[in-house]
Amino acid sequence: ARRHFEDSRAWLGRLLAAGYSGIAWPAEYGGGGGESWMTRIEREVAGDYEEWTGFPGATIAMLGPTLLRHGSEEHKREIIPKLLSGELTFCQLFSEPGAGSDLASLATRAVRDGDEFVVSGQKVWNSAAQYCDWGFILVRTDPDAKKQEGISFVLADMDQPGITVRPIPDMSGHAEFCEVFFDDARTPQDNLVGELNKGWTVAKSLLGFERIFIGSPKLPEYALEVLETVASARGVLDDPVFRDKYVRLQLDVEHLGASYKHYADIVARGETLGADVSMLKVWATEAFQKAADLIIETAGPLGAMKGATRIGNVDVNVLAPFYKARPATIYGGSNEIQRNILSKAVLGL
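Residues numbered from 1 in each chain as written. Predicted model: local features only at pLDDT ≥ 70, side-chain atom pairs only at ≥ 80, totals over all residues. Heavy atoms only, no water.

### Observations regarding helix H11 (residues 335–346)
Look at H11: 15 Å from first C-alpha to last across 12 residues, which is about the 16 Å you get at 1.5 Å a residue. Of all the positions in H11, only Asn335, Gln338, Leu342 and Ser343 are classed as buried. Looking down the long axis of H11, one finds its buried residues gathered within 135° of arc, a one-sided arrangement. The outward face of H11, more than 90 degrees from its buried face, is lined by the exposed residues Glu336, Lys344 and Ala345. Of the surrounding secondary structure, the elements contacted by the buried residues of H11 are helix H6 (199–214) and helix H9 (278–299). (Helix = DSSP H or I, 4+ residues; strand = E, 2+ residues; numbered from the N terminus. Expected span 1.5 Å × (residues − 1). Buried < 20%, exposed > 50% of the residue type's maximum accessible area, 1.4 Å probe, protein only. Arc of directions from axis to C-beta. Contact = heavy atoms within 4.5 Å.)

Quick look at the structure:
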């Protein structure tokens with residue numbers, strides 16, 4: 001996991017050096033200063049490399065546009081160029097043991113002390129927190145206000161006394177997630193993003209960008225590649241029953257890709273995403289799960305083997321897509337919550 005993270009960080013630097021990272025972001029903040037349509041080139045080049053799916057890539061996809069919209073001039077000039085180069089990485093510190101899908105119930109507090117915030121509380125399910133340099137945190141700064149109205153969005157250095165990171169091993173033996181404890185950790189008030197107690201507005205912007213990132217067709221496309229490899233090794237590529245299932249999934253992912261481009265173009269133009277972007281997150285993660293399940297089914301008796309497994313004349317990790325796909329419908333706001341957003345905010349039910 002550490003090597004994957006550092007490979008992702010290095011890949012960002014190479015992208016920037018080649019002129020592909022932040023291709024349509026303002027030049028004064030380290031971007032390419034190009035037109036919005038050029039982001040398609042960036043997505044195609046970056047998406048061809050597996051490491052883009054690592055957390056440093058997610059940082060750019062989520063935090064970068066959020067700072068461009070809500071950050072101070074100092075944030076834009078000091079942080080965004082380092083995001084693009086991979087020099088600075090951030091972990092997302094939102095969810096808590098008592099505030100997951102109901103994120104506005106968060107209890108982590110930040111109290112002013114001079115020109116600093118003192119942060120106390122706990123976060124959980126934080127991807128790559130053990131590797132990241134900084135974190136972006138939702139904290140409660142007005143405990144007497146209504147849930148969404150007393151929240152602020154702050155940035156904090158992870159390498160300081162008062163912050164403890166504990167990795168959480170998953171069923172595959174890796175520790176991609178962590179829990180993070182704050183015990184009077186400090187961050188300057190200049191690290192407030194947006195207005196005090198208006199962090200929910202900033203968070204909603206970031207979550208929209210997160211749904212774009214999770215809603216990319218890259219993960220289901222990866223699963224389809226594994227599926228084709230397994231099917232070829234098992235000699236069932238031309239089996240009519242398998243072909244029917246495979247082509248249905250393939251068409252589903254093709255349609256997802258067309259919808260993804262529509263929403264990505266909205267972001268590239270600097271326009272505000274609507275609640276309907278939740279559709280992408282549901283679509284991509286459920287297509288990913290369907291493909292992962294069909295991989296196991298197609299592998300037959302070898303579908304339960306852990307690690308690289310010899311099928312025909314190739315070695316395939318049959319369960320890798322399954323492990324990746326299981327939590328996908330939960331993280332980034334569970335699909336049940338996304339459906340509620342669509343039903344209320346889009347359909348008016």
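### Focus: the packing of H9 against H11
The N-to-C vectors of H9 and H11 enclose an angle of 145°; their axes lie 9 Å apart at closest approach. H11 is crossed by H9, and the crossing has left-handed handedness. Contact with H9, carried on its side by Ser278, Met279, Lys281, Val282, Thr285 and Glu286, involves Asn335, Gln338, Arg339, Ile341 and Leu342 of H11 and no other residues of that element. When grouped by side-chain class, the residues that make up the contact of H9 with H11 number 4 nonpolar, 4 polar and 3 charged. (Axes fitted to C-alpha atoms, helices over the stretch in contact; angles between N-to-C directions. Left-handed = near helix turned anticlockwise from the far one by under 90°. Nonpolar A, V, L, I, M, F, W, Y, C, P; charged D, E, K, R; others polar.)

### Brief notes about the confidence of the model for the protein chain
Across the protein chain, the average pLDDT comes to 89, with 93% of residues at or above 70. Put simply, helix H2 (residues 39–47) is where the protein chain has its lowest mean pLDDT, 60, and strand E8 (residues 192–193) is where it has its highest, 98. Per-residue pLDDT stays below 50 along residues 49–53; that stretch engages in 17 contacts with residues further than four places along the chain or on separate chains. (pLDDT = per-residue confidence, 0-100.)

### A short note on unusual backbone geometry
For Trp125, which is not glycine, the phi torsion reads 60° and is therefore positive. Residue class for Trp125 comes out exposed when judged on its relative accessible area of 54%. Despite not being glycine, Ala128 shows a phi value in the positive range, around 55°. Here Ala128 is to be found in the loop between strand E3 (116–124) and strand E4 (134–140). Ala128 gets classed as buried once you look at its relative accessible area, which sits at 8%.

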